[in-house]
Each structure stands twice: as structure tokens, then as C-alpha cells.
Amino acid sequence: MTDRIRTDIAHNARVWNYWLGGKDNYPVDRAVGEQVTGFYPAIGEVARADRAFLGRAVTHLAAEADVRQFLDIGTGLPTADNTHEVAQRAAPDARVVYVDNDPIVLTHARALLTSAPGGVTEYIDADARDPEKILTVAAATLDLTRPVAVLMLGILNFVLDTDEARSIVRTLMEAVPSGSHLVLTHPTLEPELGGEANEAAMAFWNEHATPPITARSRAEFTSFLDGLDVLEPGIVSCSRWRSEGAPVVAQFGAVARKP
């Protein structure tokens, strides 16, 4: 596993961890993180808003929508209030499967593999681009005949081809039953969310870090939700999803239910 870890090039999971105030990162990650911040000073707010959105969405699904199964794809490094902690706080019997393929994340799997009594937390080493593998392995822990919340926070932006990204979402959501939910966040350059400043930051990232990233428009983001019922307040800045007065960030967020 360790031979897959590159400490000479910045990696998204570690830079994101740095922006969130974590310690699981290397000097190269901190250097690139600071340089991206120079291009786009709000990036730290984006990271924190994305994490807060996860907490609100998972709390709603576990406490109000009675969802008891969560498939979190693109887990990232553990920080405060991970998906299983939020879900099991509201529903101690919640079952959570994390999916990631980053070696640094894998070395922290034990930190994630803790569960409330009565609940289950599992971990899959898989790429988001292989939804069939994810579903096959997840079925050992989750009952795919019962509703599942599929979480893809800040992960489809690393699938550069939009048709491929749509196909991934479609494959996942076709495999889960009515009453399942899709939880998405995605960066954008849309001026309505102040995304113009993101363009230079993303260009710098793609030259100096891995994996490459892309932004998407509102229309492209909306296309990921085709066939699903989008919950109120709809597609908004993730910071404003069921949250009053938070600063807008250039990151779409939405939660949708499969009818």
C-alpha cells in the first residue's frame, strides 16, 4: 500500500484535509493548498461548507427520512463528524459503507471503522469510476433491496467526462430501490455563486496536483439528478442547503429522492 503513496505531489484528499485544519498532509500538500488559497481565498470556506452540508444532509436522512443505509463514495480523510458518526448519532443502527481508493485514506481506515453498538461501518477500496464493483462489494454490508443514501460529495468533479459521470450516477441509482437518496456537491464557475475566481485556482491545481479537476454548470449538475425528486430548497450553494445566512460558496449542493 505504501508504495502507492506519493509525497512529492499534492493530492486532493490531503490538501482538503489541510484546508479543514487536519494534520494528515505533507509539506507539498500545504504548499499547494496555500497557493490555491492565494488564487481563491474562499477555498477553505468551501471545504468547511461541504463538510457542514454533509452533516445536515445525513442528519435529515437518518433522523427524518428514516434512511438506515449510507454509501459514501469518495470518503476522503477522516475529520470531525464523519458520515457514520452523524448517521449513528441519529440512528444507532445505521449501516455505513465508505468507498475510496486513495492510499493515504486507506491507511486511516481503522479510524473510520468504528461503529455505534447496533450499527455497522465498513470500508471498500474502489474507484468511483467502477460503480459495478462498488455495488457488488457494498452488497455484503448493505441490503440493496432497502433504501440507501448514496453520497458523492466533491467526487464527480474528478470524473472529467460528463457523460461518464452521468453514467456512474445512473448505475448507482438504478441499483437501489424507491426511497433511496442521492446527496451531491460539486464545484462550479457560475457567477451566481462567485465561482469566477475558482477558474485560475483549478488551472493551477491541474498543473501542480492530482487528480485533475473540473467545474460544472448548473445545467450539468442538474443532469446528475435526472429522474429523481430534488428536496427543498433545491439546487443551491451547499452552504445554504437548509442553513440560514451562511456565506455563499461556489459549490452546488443537493439532496434528491428516488421515487
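Let me begin by describing the structure that accompanies this report.

1. Some points on the nonpolar core
Step number 1: Core analysis: the largest hydrophobic core is formed by 84 residues, its most contacted members being Phe 70, Leu 71, Ile 73 and Met 152.
Step number 2: Residue contributions to this core peak at 10 residues, all from helix α3 (residues 43-63).
Step number 3: With residues up to four places along the chain from it excluded, the contact list for Met 152 reads Ile 73, Ile 168, Val 169, Leu 172, Val 183, Leu 184 and Thr 185.

2. Section: the pattern of salt bridges
Step number 1: Summed over all chains, the structure comprises six salt bridges.
Step number 2: The partner of Asp 81 in a salt bridge is Arg 89, and the shortest N-O contact between them spans 2.7 Å.
Step number 3: Its relative accessible area of 55% is what places Arg 89 among the exposed residues.

3. Observations concerning the packing of helix α1 (residues 12-19) against helix α2 (residues 27-39)
Step number 1: Across the interface, α1 lies against α2 with an axial gap of 9 Å and an inter-helix angle of 65°. Classified by the angle their axes make, α1 and α2 are roughly perpendicular. Between α1 and α2 the crossing geometry is right-handed. The residues of α2 that touch α1, namely those facing Arg 14, Val 15, Tyr 18 and Trp 19, are Val 28, Asp 29, Arg 30, Gly 33, Glu 34, Val 36 and Thr 37.
Step number 2: Here the residues of the contact of α1 with α2 sort into five nonpolar, two polar and four charged.

4. Focus: the pairing of strand β5 (residues 149-153)
Step number 1: Along β5, five of the five residues are buried, which leaves the element largely enclosed by surrounding structure.
Step number 2: Judged by which residues are buried, β5 turns out to be covered on both faces: Ala 149, Leu 151 and Leu 153 on one side and Val 150 and Met 152 on the other are all buried.
Step number 3: As paired strands, strand β2 (residues 69-73) and β5 are joined by three bridges and run parallel to one another. In the sheet register, Leu 71 faces β5, and the bridge partner there is Val 150.
Step number 4: The pairing of β5 with strand β6 (residues 181-187) spans five bridges and is classified as parallel. When the bridges of β6 are listed, Val 150 appears paired with Leu 182.

5. Considerations on the side chain of Gln 88
Step number 1: Inspection of the secondary structure assignment puts Gln 88 in helix α4 (residues 83-90).
Step number 2: The exposure class assigned to Gln 88 is buried, which follows from its relative accessible area of 7%.
Step number 3: Side chain to side chain, Gln 88 and Ser 115 meet in a polar contact 3.1 Å long.
Step number 4: In contact with Gln 88, other than residues within four places in its own chain, are Ala 94, Ser 115, Ala 116, Gly 119, Val 120 and Thr 121.

6. Quick notes on unusual backbone geometry
Step number 1: Cis rather than trans, the peptide bond between Thr 210 and Pro 211 has omega equal to -10°.
Step number 2: Note on placement: Pro 211 falls in the loop between β7 (209-210) and α10 (218-223).
Step number 3: Here the bond from Glu 232 into Pro 233 is cis, since omega is 10°, no more than 30 degrees from zero.
Step number 4: Along the chain, the position of Pro 233 falls in the loop between β8 (229-230) and β9 (236-237).
Step number 5: Of note, the phi angle at Arg 242 is positive, near 55°, even though the residue is not glycine.
Step number 6: In this structure, Arg 242 sits in the loop between β9 and β10 (251-257).
Step number 7: Here Arg 242 falls in the partly exposed class, since its relative accessible area comes to 40%.

Definitions and limits used
Residues numbered from 1 in each chain as written. Predicted model: local features only at pLDDT ≥ 70, side-chain atom pairs only at ≥ 80, totals over all residues. Heavy atoms only, no water. Core = buried A, V, L, I, M, F, W, Y, C linked by side-chain atoms within 4.5 Å. Buried < 20%, exposed > 50% of the residue type's maximum accessible area, 1.4 Å probe, protein only. Helix = DSSP H or I, 4+ residues; strand = E, 2+ residues; numbered from the N terminus. Contact = heavy atoms within 4.5 Å. Salt bridge = Lys/Arg side-chain N within 4 Å of Asp/Glu carboxyl O. Axes fitted to C-alpha atoms, helices over the stretch in contact; angles between N-to-C directions. Parallel < 35°, antiparallel > 145°, perpendicular 65-115°, else oblique. Left-handed = near helix turned anticlockwise from the far one by under 90°. Nonpolar A, V, L, I, M, F, W, Y, C, P; charged D, E, K, R; others polar. Pairing = 2+ DSSP bridges. Polar contact = N/O pair within 3.5 Å; in protein donor to acceptor, adjacent residues only side chain to side chain.

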